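Structural overview
Chain by chain, the residues run as shown.
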Amino acid sequence: RAFLRLASFFGLYEELKSEMVSRVAKPQAIELEIDGKIYRSIRHLGSGLSADAFLIDKDGKQVVAKVARDTEKSRMALLRSIPIHLWAQQKLNMNVPELVGYEAEGRWLMTSYVPGQTLSAHIASHGAIEAGTRVSVLDLHAKVKEMLEQSAVKLDFAPDNIIVRDGK
């Protein structure tokens, strides 16, 4: 963690993360086996240090499948995200995707798909964010800060992890 803080300080975090993810990500996956079923990947949505995210069709509905890397740490990271997700939704009334399902060993989880642009892409295509969007982002930041103050949880609060839809 100290290394990541140092990399962040020198502006190298994104480069380091990209290099680490490129070594383990499987964005070319066409089919995913989840809970004994085969799902066709519609699109690779992104990769983090512990999982790859894919848009899939589950029973006629588009959902996001996050598939953990094949390590114990990756599975534990995915499992830890479930109560955080529920806490954000239930206790702080945050607008987060609905948890559709997960595997008890932490190999995968599914959430509803939220169409839209990342905050980074939104700014790149629209320029400065509108007042309403700015208020939404500041409100989200305040809620994330509250979560951090109430626990030892670290959240990846970054422009690429925030979806903008209809200005919110």
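So, here's what we can say about the structure.

Rules and cut-offs
- Residues numbered from 1 in each chain as written.
- Predicted model: local features only at pLDDT ≥ 70, side-chain atom pairs only at ≥ 80, totals over all residues.
- Heavy atoms only, no water.
- Helix = DSSP H or I, 4+ residues; strand = E, 2+ residues; numbered from the N terminus.
- Expected span 1.5 Å × (residues − 1).
- Contact = heavy atoms within 4.5 Å.
- Salt bridge = Lys/Arg side-chain N within 4 Å of Asp/Glu carboxyl O.
- Buried < 20%, exposed > 50% of the residue type's maximum accessible area, 1.4 Å probe, protein only.
- Pairing = 2+ DSSP bridges.
- Core = buried A, V, L, I, M, F, W, Y, C linked by side-chain atoms within 4.5 Å.
- Axes fitted to C-alpha atoms, helices over the stretch in contact; angles between N-to-C directions.

A few words now on helix H5 (residues 131–150). Between its first and last C-alpha, H5 extends 29 Å over 20 residues, near the 28 Å set by a 1.5 Å rise per residue. Contact partners of the buried residues in H5: helix H3 (72–90), helix H4 (119–126) and strand E8 (163–164).

Further remarks concern the pattern of salt bridges. Taken as a whole, this structure holds 5 salt bridges when the rule is applied. For Asp-59, the salt bridge identified is with Lys-58, shortest N-O distance 3.5 Å. Salt-bridge contacts for Arg-75 lead to Asp-70; the nearest nitrogen and oxygen are separated by 3.6 Å. Several salt bridges converge on common partners, so that one network encompasses Asp-70, Glu-72 and Arg-75.

What follows covers H3. When the terminal C-alpha atoms of H3 are compared, their 28 Å separation across 19 residues agrees well with the 27 Å that a helix rising 1.5 Å per residue should span. Listed as buried for H3 are Ser-74, Arg-75, Leu-78, Ile-82, Ile-84, His-85, Trp-87 and Ala-88. Its buried side turned inward, H3 meets strand E3 (51–58), strand E4 (61–68), strand E5 (99–102), strand E6 (108–112) and H5.

With that settled, consider the pairing of E5. Direction of pairing for E5 relative to E6: antiparallel, over a ladder of 3 bridges. Within the sheet, the bridge partner assigned to Tyr-102 lies in E6 and is Leu-109. Here E5 hands over to E6 after 5 residues, with Gly-106 in that stretch at a positive phi of 85 degrees.

Counting 9 residues, the largest nonpolar core consists of Leu-32, Ile-34, Tyr-39, Phe-54, Ile-56, Val-63, Ala-65, Trp-108 and Met-110. Put simply, the parts of the chain that give this core at least two residues each are strand E1 (31–34), E3, E4 and E6. Residues in contact with Tyr-39, not counting those within four places in the same chain, are Ile-30, Glu-31, Leu-32, Ile-34, Ile-56, Asp-57, Lys-58 and Met-110.

With that out of the way, let us pick up the sheet that holds E3. Read from one edge to the other, the open sheet built from 6 strands follows the order E1-E2-E3-E4-E6-E5, with strand pairing classed as antiparallel. Looking at which strands have only one partner, the edges of the open sheet turn out to be E1 and E5. Each strand of the sheet is rotated relative to its neighbour by a mean of 35 degrees, with strand direction disregarded. Here E4 pairs with E6 via 5 bridges, running antiparallel. Counted as the bridge partner of Val-63 is Ser-112 from E6. Against the sheet, H3 touches E3, E4, E5 and E6, its axis set at about 35 degrees to E6.

Unlike most non-glycine residues, Asp-35 shows phi in positive territory, near 55 degrees. Mapped onto the secondary structure, Asp-35 falls in the loop between E1 and strand E2 (37–47). Phi is positive for Asp-59, which is not a glycine, with a value near 55 degrees. Turning to its location among the elements, Asp-59 is positioned in the loop between E3 and E4. Overall, Asp-59 belongs to the exposed group, its relative accessible area being 64%.

Our next topic: the environment of Trp-108. With respect to the helices and strands, Trp-108 occurs in strand E6. Trp-108 gets classed as buried once you look at its relative accessible area, which sits at 11%. Ignoring sequence-local partners within four residues, the contact set of Trp-108 consists of Ile-34, Asp-35, Lys-66, Val-67, Leu-78, Gly-101, Tyr-102 and Glu-103.

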